[in-house]
Structure formats: C-alpha cells, structure tokens
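Here are the chains, one letter per residue:
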Amino acid sequence: MGSWRTRSLWTSRAGSPGEPEPLGGTRVADVVVVGAGFTGLWAALALVEADPALEVVVLEAKAAGYGASGRNGGFAMTMVGRNLHDLLRKVGPTRARATHLAMREQLHEIRAFCDREGIACDLQAPGLLTVSNGPEQDHRIRQDLEAAKRLGLDDLEECSGTQCRALVDSPRIRLGHFEQDCLLVDPAALCLGLREAARRRGVRVHEASPVLSLAETPTGVRARTPAGEVHADRAVLATNAYAAAVPALRRFLFTVYAYIVVSEPLDPGQWARVGWSTGVGVEDKRIMPHFHRPTPDGRILWGGRDAPIAFGPPDPRRDRDPRVFRRLEESFRWAFPQLADVAIVGGWGGPVCGTVNCFATVGFLGRRERICYALGYAGHGVAQSRLAGLIVRDLLLEQRTERCELPLVTKAPVPLPPEPLGRWLVGGAQRILQEVDDRQDDRPALARLALAALE
Ligand SMILES: Cc1cc2nc3c(=O)[nH]c(=O)nc-3n(C[C@H](O)[C@H](O)[C@H](O)COP(=O)(O)OP(=O)(O)OC[C@H]3O[C@@H](n4cnc5c(N)ncnc54)[C@H](O)[C@@H]3O)c2cc1C
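Computed from a predicted structure; not experimentally measured.

Caption draft 1: Main features of the domain arrangement of the chain. For the chain, the domain assignment lists domain 1 (2-71 + 188-252 + 358-410), domain 2 (125-185 + 253-355) and domain 3 (421-453). Placing the centre of domain 1 and that of domain 2 at their C-alpha centroids yields a distance of 28 Å. With 28 residues of domain 1 at the contact, the number on the domain 2 side is 26 residues. Together, the buried faces of domain 1 and domain 2 total about 2100 Å²; carbon and sulfur atoms form 61% of this surface. It is Leu9, Trp10 and Arg71 in domain 1 that bury the most area against domain 2; as a group they hold 27% of the surface buried on that side. Run the count over domain 1 and domain 2 and you get 2 salt bridges. The salt bridge involving Asp319 is made with Arg71; its shortest N-O contact spans 3.0 Å. Applying the counting criterion to the domain 1 and domain 2 interface returns 11 residue pairs in polar contact (both at pLDDT 80 or more). Of all the elements in the fold, those that place two or more residues in the side of domain 1 that touches domain 2 are α2 (9-14) and α8 (247-250). Among the elements that take part in the side of domain 1 that touches domain 2, α2 stands out by supplying 3 residues, more than any other. Of the residues contributing to the side of domain 1 that touches domain 2, the split by class is 17 nonpolar, 6 polar and 5 charged.

Here it is, written out as structure tokens:
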C-alpha cells in the first residue's frame, strides 16, 4: 500500500492502512458498498446501526481513504452548494434552512461519534472564518450574511477586518464572517477510524478489491472483483469521481482536481507573526476559494484556487501538478508576506466529483431501485458524506424520512450538454471564473455570466 502512504500529508502521518483482506470466493450479503471513502463507510455504518442483523460488505479498490477522503483539507463544514446565498437562491428558504440545520447536526454527530468510538483524528472545533480579499468578495460576504438573516439563522457572525486579522493576520483581509460550526480533522485518520468502527459492528471491509462490474440480477445485484463476487440484495455506489466510469452518471458529473500545498513546521516566532492562536479554519470568497488551516504538526495547509476539470474517470498522474503547486505557493506568499522565510515543502491533489450546479446528489441507478449512488460534493464532502450516508440508508431501507426531502435527493442533477459541447461549456466557464478570481474581481459581470452557464 505504498501508494496510499504517499497520497497526502495525512496518509503519510497515518503510516500504513494495515494489510488488506481482499475479497475471495463468493459471498452473499444484504448490501454491498463500493468504495471505502467517507460516503461508503458512513453509509455502511448507518445501515448496520439501523439494523445490526444486516450483512454489509464494503469493497474498496485500494485502501480506505485512498481517494479524496484521505487527501482533503479536513474542513467539516455546513456548506452545501457554493455557499449559503447560493443554497437559498437555488432551493428557497424552507429547504435551504432544513439543509443547513441538517448539516449543522452532522458536525455534532461526527464529533460525538469520534468521541464515543475513540477515533483519534486530531479533531478540533475552532470555527470557520470566511474572509474577503477584494470588493467583489466583500459583496459575497454580505450576501451570505443576508441569507443567514433571511433564514433566521444566527450562526454567521459578521467580522470587521480588524476582528478577522485578530484571528489570523493577513494584511489582505478586508472583512469576513465567522461560523462556529466547523470541525477540522485529520481526514485519513477519521477514515481509518470509520473503517474500524464499521468492522467492530460486523461490516466486512475488503480492500485491494476493485469492483470490475456491478450488475443487477433477477434477484438483486452482483459485484465482481478479480478474486471473488458478492451477491447482494442492494448496492451502494460510493465511488465519487471514479463513478464517471458509469455511463448513466457520466451524463451529469465531471472530475475536478483539487490541490493542496503545505509549509514546513513554523517555529514560535513565525506563528507569532500570523497570530492564528485559536487555529481557526479559513476560506476566502473567491469563486474558487482558497482554504487554509494549521495542521496538528505545526504547518500551514494551503489549498484551493485552481480546480482543473476533466471528463471521464480520474487519472492518478494528475495527483501532483507542479504548475498548480507554484500558483498555490504564489497566493500563500501574497496572503502572508510576513512569512517569506517559511518554505513550502510539499503538495498533493486528488479527484472529486463535480456537478454542473454544484449540488451533491443521492439517488438510484435504474428503475428497480437496487443501486443507490451518493456523490457530487466537489470540495465539500467531509460533512456532507455523513448526511448522504444516512440518506442512502433511508432510501435503501425504504424509510421516507425528512432527510429524503432535502435537495440532495429532490433536486435533480443538471445534465451536461452532449459532447463536445459539455466539455467546452464547463471548461470554458471554469477558465473565465479562474481569470476573474485572479484579476481580483474587477470583472464581476463576466463572472456572473460564467456562473450562469454553470447552472
Ligand atoms: C485536495 C482536496 C481537498 C479537499 N478539501 C476538502 C475539505 O477541506 N472539506 C470538505 O468537505 N471536502 C474537501 N474535499 C472533498 C472531499 O474530500 C470529498 O468530497 C469526499 O472525501 C468524498 O468522499 P467519498 O467517499 O464520496 O469519495 P472518495 O474518498 O474519493 O472515495 C471513493 C473510493 O472509491 C474507491 N473506488 C473507486 N472505484 C472503485 C471500484 N471500481 N471498486 C472499489 N472501489 C473503488 C476509491 O479507491 C476511493 O477510495 C477535498 C478534496 C480534495 C481532493
């Protein structure tokens, strides 16, 4: 599992995921889950917690956390869609409020679960500071604050530039808002912790077991791996960007590559130059934002900005991109000129699943409702995957809960235009947004046009 260890700072800290137990022979189960990232593991846990008698088998191509779940920034946030304003605009006040509250609940449940299960994932709850670095970003901060007010939510606190800079001292920050409900975790450790929690409840997790085919049979579904197969009543497809291999899903999803760089550990004098004493997670208000946070071993993690798009299944050769790393370092230097003596020492990336309107989606493949998929959180899946896992359970066990009325289920994904138009449209809009972001928002009309093309 050498390649697992080199996926990210988090997987290298975790060392080894342990010896895999590949699937061998034929196994019968109630549910087979494909993919052992957050989505697959939360779904498996939700299923056995609802009914401990269920036989659940998880099949993972590599190791738990090999995908985006072991490589992300570790921000578990309430965000669904692009931001709160976007959520309200797209689904209306009743469903936006219900979605936000459901997300808030996920954060509390993730924390409680880690406490109960003793999952050591360096979980912190320092809150999320969203900052503006330019006039158009000021506007977006105000839009979110107004949306929160309209929804009767009191969890976004307006912050002046001085208040923001007291939390993290970047001379570029103009103003912002603070939300207490945000966790920072070591995502690879969380993922391995979920795997072990699932195993303790009798879920069989077979790693090094890529599913070569998942097909409906007259009595259920069959998942084939190189050395075995699982016959199950139902299946969960939790393969994130890798789901682009499924033609019916390829109609509305694409792959987005997200990247992160990290600094060397800072010494106390260097930390004193940025403050950051509460360790708050920070995101800016670019359309394709930067996110940054301290790591448990005293580094600064700096990610976001470029998010190149591709069509078709992920290409592991794109997990590292020196050009994107250079651009991330450039923006780190821009934000923190006082840290010129802090070296950027590494970087990594990973594929996430994007959708045209930036909404995740949970639903069934095929009319027989035997295969349930959950994907499309783009860069906001750490907490959404738990909600998606619960929804998957509700749908598979035919329990029509309030969760099944949330936009993740009811908002149909926007289909991509046929090729090559889809590629041109999404790729073109993405390039315009990147340019607008890089020019510090001096062309908001163009940005609105490009965003409209993505909706
Ligand atoms: C650099 C980066 C930074 C990010 N930062 C954040 C953040 O700070 N906060 C946030 O909320 N989100 C963030 N995200 C997004 C977040 O990581 C994802 O949305 C989330 O992890 C998706 O989880 P998942 O389980 O759906 O997918 P994944 O974790 O990608 O899991 C899918 C799994 O399926 C397996 N698989 C694929 N094909 C097969 C097959 N045929 N058979 C068996 N197994 C298969 C893969 O090996 C993989 O392990 C970031 C992502 C990246 C890449």
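Moving on from the model shown.
Caption draft 2: Representation of the pattern of salt bridges in the model. Counted according to the given criterion, the structure contains 34 salt bridges. Glu196 serves as the salt-bridge partner of Arg195, at 2.8 Å between the closest nitrogen and oxygen. In this structure Glu196 comes out as partly exposed when scored by relative accessible area, which is 30%. Note that Arg423 and Glu419 form a salt bridge whose closest N and O atoms lie 2.8 Å from each other. Owing to a relative accessible area of 42%, Arg423 belongs among the partly exposed residues under this scheme. Given a relative accessible area of 44%, Glu419 falls into the partly exposed group.

Caption draft 3: Structural context of the UniProt feature "domain: FAD dependent oxidoreductase" (unreviewed entry) in the chain. Summarizing the sequence annotation, UniProt attributes the feature "domain: FAD dependent oxidoreductase" (unreviewed entry) to residues 30-394 in the numbering used throughout. Structurally, residues 30-394 comprises 34% helix and 27% strand, and the distance from its first C-alpha atom to its last is 15 Å.

Caption draft 4: Spotlight on the site of the ligand. Contacts to the ligand come from 35 residues, most closely from Thr39, Glu60, Ser69, Phe75 and Val382. One nitrogen or oxygen atom from the main chain of Ala68 is found 3.1 Å from an oxygen atom belonging to the ligand. Asn72 places a polar side-chain atom, nitrogen or oxygen, 3.1 Å from an oxygen atom of the ligand. The fraction of the free accessible surface of the ligand (1000 Å²) that becomes covered by protein chains is 95%. Of all the secondary structure elements, the ones that give two or more residues to the shell around the ligand are α3 (38-50), β12 (253-263), β17 (344-355) and α11 (381-396). Its residues placed into classes, the shell around the ligand shows 19 nonpolar, 14 polar and 2 charged.

Thresholds, definitions, all that
Residues numbered from 1 in each chain as written. Predicted model: local features only at pLDDT ≥ 70, side-chain atom pairs only at ≥ 80, totals over all residues. Heavy atoms only, no water. Domains from an automatic or database assignment. Contact = heavy atoms within 4.5 Å. Buried area = accessible area lost by both parts, 1.4 Å probe. Salt bridge = Lys/Arg side-chain N within 4 Å of Asp/Glu carboxyl O. Polar contact = N/O pair within 3.5 Å; in protein donor to acceptor, adjacent residues only side chain to side chain. Helix = DSSP H or I, 4+ residues; strand = E, 2+ residues; numbered from the N terminus. Nonpolar A, V, L, I, M, F, W, Y, C, P; charged D, E, K, R; others polar. Buried < 20%, exposed > 50% of the residue type's maximum accessible area, 1.4 Å probe, protein only. UniProt positions renumbered as here; feature names shortened; annotations may be inferred. Near = heavy atom within 4 Å. Areas by Shrake-Rupley, 256 points an atom, 1.4 Å probe, with all protein chains shown as cover.

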